[in-house]
Amino acid sequence: MGVLFLLIFISALPAIAAFLWFRRRQFLAPASWFLLCLLGGVLSLPLAAVAQYFIPPATGVVIKDILFNVFIRVALVEEGSKLLIVSLILKISGALLKWEEKDGDRFTYGTAAGLIAGLGFAMIESASYGASDMRIAVLRAVTAAPLHGACGARDGTAAAALKTNPRLAIWRFLSATAIHGAYNMLVVSPGYIRFFSILLSFASLLSATQMLRKKEKL
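Residues numbered from 1 in each chain as written. Predicted model: local features only at pLDDT ≥ 70, side-chain atom pairs only at ≥ 80, totals over all residues. Heavy atoms only, no water.

J.: Got a minute to help me understand the packing of aromatic side chains in this structure?
T.: Two aromatic rings are characterised by how far apart their centres lie and by the angle between their planes. Scanning the model with the defined rule gives six aromatic pairs in all. Between Phe-22 and Phe-34, the ring centres sit 6.2 Å apart and the planes meet at 70 degrees, which makes this aromatic pair edge-to-face. Taken together, the residues span a long stretch of sequence, with Phe-22 in helix H1 (residues 2–24) and Phe-34 in helix H2 (residues 31–53) at a distance of twelve residues. With relative accessibility at 3%, the residue Phe-22 sits in the buried group. What makes Phe-34 buried here is its relative accessible area of 7%. (Phe/Tyr/Trp six-rings, centres within 6.5 Å; stacked < 30°, edge-to-face > 60°. Helix = DSSP H or I, 4+ residues; strand = E, 2+ residues; numbered from the N terminus. Buried < 20%, exposed > 50% of the residue type's maximum accessible area, 1.4 Å probe, protein only.)

J.: How should I be thinking about the side chain of Glu-79 in this particular structure?
T.: Its place among the elements puts Glu-79 in helix H3 (residues 63–97). One polar contact links Glu-79 to Lys-82, side chain to side chain, over a distance of 3.1 Å. In this structure Glu-79 touches Cys-151, Gly-152, Asp-155, Phe-173, Ala-176, Thr-177 and His-180, once residues within four positions along its chain are discounted. (Polar contact = N/O pair within 3.5 Å; in protein donor to acceptor, adjacent residues only side chain to side chain. Contact = heavy atoms within 4.5 Å.)

J.: Looking at this structure, how should I read the nonpolar core?
T.: Note on soluble globular proteins: their nonpolar side chains tend to be buried together. Ranked by size, the top nonpolar core spans 35 residues in total, and within it Phe-22, Phe-27, Trp-33 and Ile-116 carry the most contacts. Of all the secondary-structure elements, those providing two or more residues to this core are H1, H2, H3, helix H4 (105–130), helix H6 (144–161), helix H7 (166–187) and helix H8 (196–212). Ranked by residues supplied to this core, first place goes to H4 with nine residues. Aside from chain neighbours lying at most four places away, what touches Phe-27 is Phe-22, Trp-33, Thr-108, Tyr-109 and Ala-112. If you look at the next biggest cluster of nonpolar residues, it comprises six residues, including Leu-147, Cys-151, Ile-179 and Tyr-183. (Core = buried A, V, L, I, M, F, W, Y, C linked by side-chain atoms within 4.5 Å.)

J.: Just checking my understanding: could you explain the pattern of salt bridges for this structure?
T.: Oppositely charged side chains can form a pair if their charged atoms are brought close together. All told, the structure shown has two salt bridges when counted by the stated rule. A salt bridge links Lys-64 to Asp-65, with the shortest nitrogen-to-oxygen separation between them at 3.4 Å. The class of Asp-65 is buried, set by a relative accessible area of 13%. When the shortest N-O distance is used, the salt bridge between Lys-82 and Glu-79 registers 3.1 Å. (Salt bridge = Lys/Arg side-chain N within 4 Å of Asp/Glu carboxyl O.)

J.: Where do I start with the packing of H6 against H8 in this structure?
T.: Between H6 and H8, the least distance of the axes is 8 Å, while the angle of their chain directions is 35 degrees. Between H6 and H8 lies a crossing of left-handed hand. Seen from H6, the contacting residues are Pro-146, Leu-147, Gly-149, Ala-150, Ala-153, Arg-154 and Thr-157; seen from H8, they are Ser-201, Phe-202, Ser-204, Leu-205, Ser-207, Ala-208 and Met-211. Tallied by class, the residues present in the contact of H6 with H8 amount to eight nonpolar, five polar and one charged. (Axes fitted to C-alpha atoms, helices over the stretch in contact; angles between N-to-C directions. Left-handed = near helix turned anticlockwise from the far one by under 90°. Nonpolar A, V, L, I, M, F, W, Y, C, P; charged D, E, K, R; others polar.)

See below:
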């Protein structure tokens, strides 16, 4: 039981850090909304798994098969599940948060919701991977969690802009998919190339936090 608790705690550390960061920035959203977004991210993982079940993987070793598995079957499907879940969250929470669209609040809350949902996705994924080896949970908490948060933030912007600015929505979603796919390619690369995945993960997260600092009209 103690090992299970430790595994869950390690996997949840990025989400806890994000909660404290939002509180430090005095982000005007209740804790219940944060938990709703986190739960949404948790639910997006089985949603992606179901979708992947119906998309058979390419079994060849040529580059087009590898790219299909990495960018379409994994990255596109997982980011698509986050986009769907965050879209639902924004519909549910819009009245609760009473944002002012003229001030770009929908952009800000959409980006924040996606970032939190991405961390929720990573929390469950890290726990499942770490069940066989605790070191994997620690490694994923440091690398994969920031990556999922960064991509989730872009999905959140896409969800917020879907109706009013579809061009921005498509661009943010495709950028999330591209970043996720590139990360996966780097992780399985030989030698020191794989360490560039850490750089990509944190650079993408940093740019996502910068997105939260601005308000765009949607």
